[in-house]
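Commentary on secondary and tertiary structure
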Amino acid sequence: MESRPHRILVVDDEPGIREGCRKILVAEGFEVETADNGTTGYEKFKEHRNFSAALIDLKMPGISGLELIELIRREDDDLVIFVITAHATIETAVESTKRGAYNYIPKPFTPEELLIALRNGLEKRRLSLDSKILKVEQEKQLLELSFERSKSKSILNCISDGVIVINRQGQIVLRNSAAARIIPEFSGCTLPVRMEEVIRSPEIKELFLETCQAEGDNVIRTREIPLDKGAYMVNATPVYNPDRENLGVVTVLRDITALKKLNVTKARFVSMVAEQVKGPLATIEACLRKIAQPQEPDGASNGSGETVGDALVRMNSLNRMLDELISLSDIETGRFAMKRYPVEISEILINALRQIEDKAKDKNIAINLHHPEGNTGGLVLADKAAMTVVFENLIDNAINYTPPGGWVDLCIEDGEIFLTVSVSDNGIGMSDVELDRVFDDFYRAKNDYTVHMPGTGLGLSLVKRLVDIHQGRVSVKSRLGEGSVFRVNLPKV
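Residues numbered from 1 in each chain as written. Predicted model: local features only at pLDDT ≥ 70, side-chain atom pairs only at ≥ 80, totals over all residues. Heavy atoms only, no water.

1. Examining the pattern of salt bridges
Applied cut-off: By definition here, a salt bridge exists when the distance from a side-chain nitrogen of Lys or Arg to a carboxyl oxygen of Asp or Glu is within 4 Å. A run of H or I in DSSP becomes a helix once it reaches four residues, and a run of E becomes a strand once it reaches two; helices and strands are each numbered from the N terminus.
In the structure shown here, the tally under the stated rule is 23 salt bridges. As a salt-bridge pair, Glu210 and Arg223 come within 2.6 Å of each other at their nearest N and O atoms. One end of the pair, Glu210, is in helix α9 (residues 202–212); the other, Arg223, is in strand β9 (residues 221–227), with 13 residues separating them in the sequence. Here Lys384 ties to Glu347 by a salt bridge, and the two come within 2.3 Å at their closest N and O atoms.

2. Side note on the sheet that holds strand β15 (residues 407–414)
Just so we agree on the cut-off: At least two bridges found by DSSP between two strands is the condition for calling them paired. Axis definition: a line fitted to C-alpha atoms, limited for helices to the stretch in contact. Angles are taken between N-to-C directions and run from 0 to 180 degrees.
Here five strands make up an open sheet; going across it, the order is β13-β15-β16-β18-β17 and the pairing mixed. In this open sheet, the two strands that pair with only one neighbour each are β13 (366–370) and β17 (473–478). The mean angle between the axes of side-by-side strands here comes to 15°, regardless of whether they run parallel or antiparallel. Judged from the seven bridges that link them, strand β16 (residues 418–425) and strand β18 (residues 484–491) form a sheet pairing that is antiparallel. Counted as the bridge partner of Phe418 is Pro491 from β18.

3. Focus on the packing of aromatic side chains
Selection criterion: Centre distance within 6.5 Å is the pairing criterion for rings of Phe, Tyr and Trp, where only the six-membered ring of Trp is used; planes under 30 degrees apart are then read as stacked, over 60 as edge-to-face, and the remainder as tilted. Relative accessibility thresholds used throughout: buried, under 20% of the residue-type maximum; exposed, over 50%; partly exposed, between the two (1.4 Å probe, protein chains only).
Tallied over the entire structure, the rule returns three aromatic pairs. Seen from their ring centres, Tyr42 and Phe45 are 6.3 Å apart, and the 20° between their planes marks the pair as stacked. Placement of the pair is Tyr42 and Phe45 together in helix α2 (residues 38–48), with a separation of three residues, close to one helical turn. We classify Tyr42 as buried; its relative accessible area is 14%. Owing to a relative accessible area of 2%, Phe45 belongs among the buried residues under this scheme. Ring geometry for Phe82 against Tyr102: centres 5.5 Å apart, planes inclined by 85°, an arrangement best described as edge-to-face. Of this pair, Phe82 sits in strand β4 (residues 80–85) while Tyr102 is found in the loop between α4 (90–99) and β5 (103–106), placing the two residues 20 residues apart along the sequence.

4. Quick look at the sheet that holds strand β2 (residues 31–35)
Under the convention used in this document: Here, residues are in contact when the closest pair of their heavy atoms is within 4.5 Å.
Sheet architecture is open: five strands sit in the order β2-β1-β3-β4-β5, paired in parallel fashion. The open sheet terminates on both sides in strands that have one partner only, identified here as β2 and β5. Taken over all neighbouring pairs, the strand axes of this sheet differ in orientation by 20° on average, direction set aside. Relative to β4, strand β3 (residues 53–56) runs parallel, the two being bridged by four bridges. Each residue of the ladder has a partner; that of Ala54, found in β4, is Ile81. Here helix α1 (residues 15–27) sits on the sheet in contact with β1 (7–11), β2, β3 and β4, set at roughly 175° to β2.

5. Brief notes about the pairing of β15
Successive side chains on a regular strand alternate, one facing one side of the sheet and the next facing the other. As defined by bridge partners, β13 adjoins β15 across five bridges and the pair is classed as parallel. Bridge pairing in β15 places Asn368 opposite Asp409. Here β15 pairs with β16 via seven bridges, running antiparallel. In the sheet register, Ile412 faces β16, and the bridge partner there is Val421. Hairpin connection from β15 to β16: three residues lie between these consecutive antiparallel strands.

6. Observations regarding a nonpolar patch on the surface
As a reminder of what qualifies: Patch definition: residues with relative accessible area over 30% and no salt bridge; like charges joined within 9 Å; nonpolar side chains (Val, Leu, Ile, Met, Phe, Trp, Tyr) joined within 5 Å. Each accessible area is a Shrake-Rupley result for a 1.4 Å probe, and residues are judged covered by the shown protein chains and nothing else.
A cluster of nonpolar side chains, Leu379, Leu381 and Val493, forms an exposed patch at the surface whose accessible area comes to about 250 Å². Looking at the secondary structure, you find Leu379 in strand β14 (residues 379–382). Since its relative accessible area comes to 40%, Leu379 is described here as partly exposed.

7. So, the nonpolar core
The line we're drawing: Residue types Ala, Val, Leu, Ile, Met, Phe, Trp, Tyr and Cys, when buried and joined through side-chain atoms within 4.5 Å, form a set referred to as a nonpolar core.
In terms of nonpolar packing, the biggest core is built from 38 residues, with Ile345, Val380, Met387, Val390, Phe391, Leu394 and Phe486 touching the most fellow members. Every element with two or more residues in this core is listed here: α12 (345–362), β14, α13 (384–400), β15, β16, α15 (459–469), β17 and β18. Of the residues forming this core, the biggest block, eight residues, is contributed by α13. Contact partners of Leu394, with chain neighbours within four places excluded, come to Val423, Leu460, Val463, Phe486 and Val488. In terms of nonpolar packing, the next biggest core, distinct from the first, is built from 27 residues, Ala35, Phe45, Ile90 and Ala93 among them.

Take a look at the structure:
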């Protein structure tokens, strides 16, 4: 057991990330060393050699994050390594896992996300050290683990990855709870059990046979294998007795479904941009060609004014889509800059209404703003430009999905800690399925009303990201055919 405070190494070329991590960890009682590049980080690792965990950025000058992970792992098997990056892909996940990284902490992250991931990693380290002690004490063959199940069960069940131990005869002699969740066929079966009775995946069987037949090597074999509706990174390593006889295989299954979805999202993004840009550009081209035509011989207007108006509408649609994409990209990559200061919520709403009032007039939609009784609103701690974007999107969304002649109500409610702004409409509303996905990236409801309505499906996703950054909360209630109510809670000054 480790009695001294855990020592953490933070290696990142961004000063804000290094100092932010240091302050968070020191406040929690950890000892922290920082480095601004991979070379310095490796020198500090060799100087102290008593680190429990390391937070390492991938892209740095000098020694890269992947190279630093490999160098550290050669000298310390127990140090828990986290990759902190704004560029998570399945390729970097696979490569960093192969080189010895424990997990990802994607930027930007909150103090809670950092501390939860770090504590889980340190718990894994503690369990790993305990497991090594048990292994030294036992000095018995792998099959004896089945008789020591009561001792190892609590350790294995704390591990979030699936762990399966298979002996040389093809019997599963040990598995943890995570493995039972990943492979439902474990339910109701008693160990030991033949591998063929539980594992249906031919890829896992092939990986077991290849690893079990290895003679004398300690290579970890890795495969990406689909299971059920998810994707898993499966690592298999042989286990030997003191005489170097192969006793079986330990297999670890890590869920990488979320990382795989990143690639799917990228593909959807490319497809969406192509579809959304192609149509408006074609319309703009046709409008401009019409403007370029000569006037009618009798001097009558060729409708160029209306045509230019149509072109501007399409251009505004393109500009708004690009603004949303840029804002989301900045938030995801940590480049989003925000200045929060006391600002009147009514001022923000009025600014948002100015941007959208012409659209409401064109659809003959009445917009009403209700203040708390006795005042005009209240002060919130917010970035004025970001909050204007939030309410402009919510009001625009309400107008889009409300038939002509309807109404949109904005109501400010004053609470002890939060100011709440609700945006209500008597539009088409949403089904339960649409409600579950309303804040997802690129999601748009598909029905007869929306089929010809332009949009990216990014507006409400951007709203949620900006409100979350302000330590606020956005929620929605809706029923199909009865309108919707979006509520935004923002911290008061």
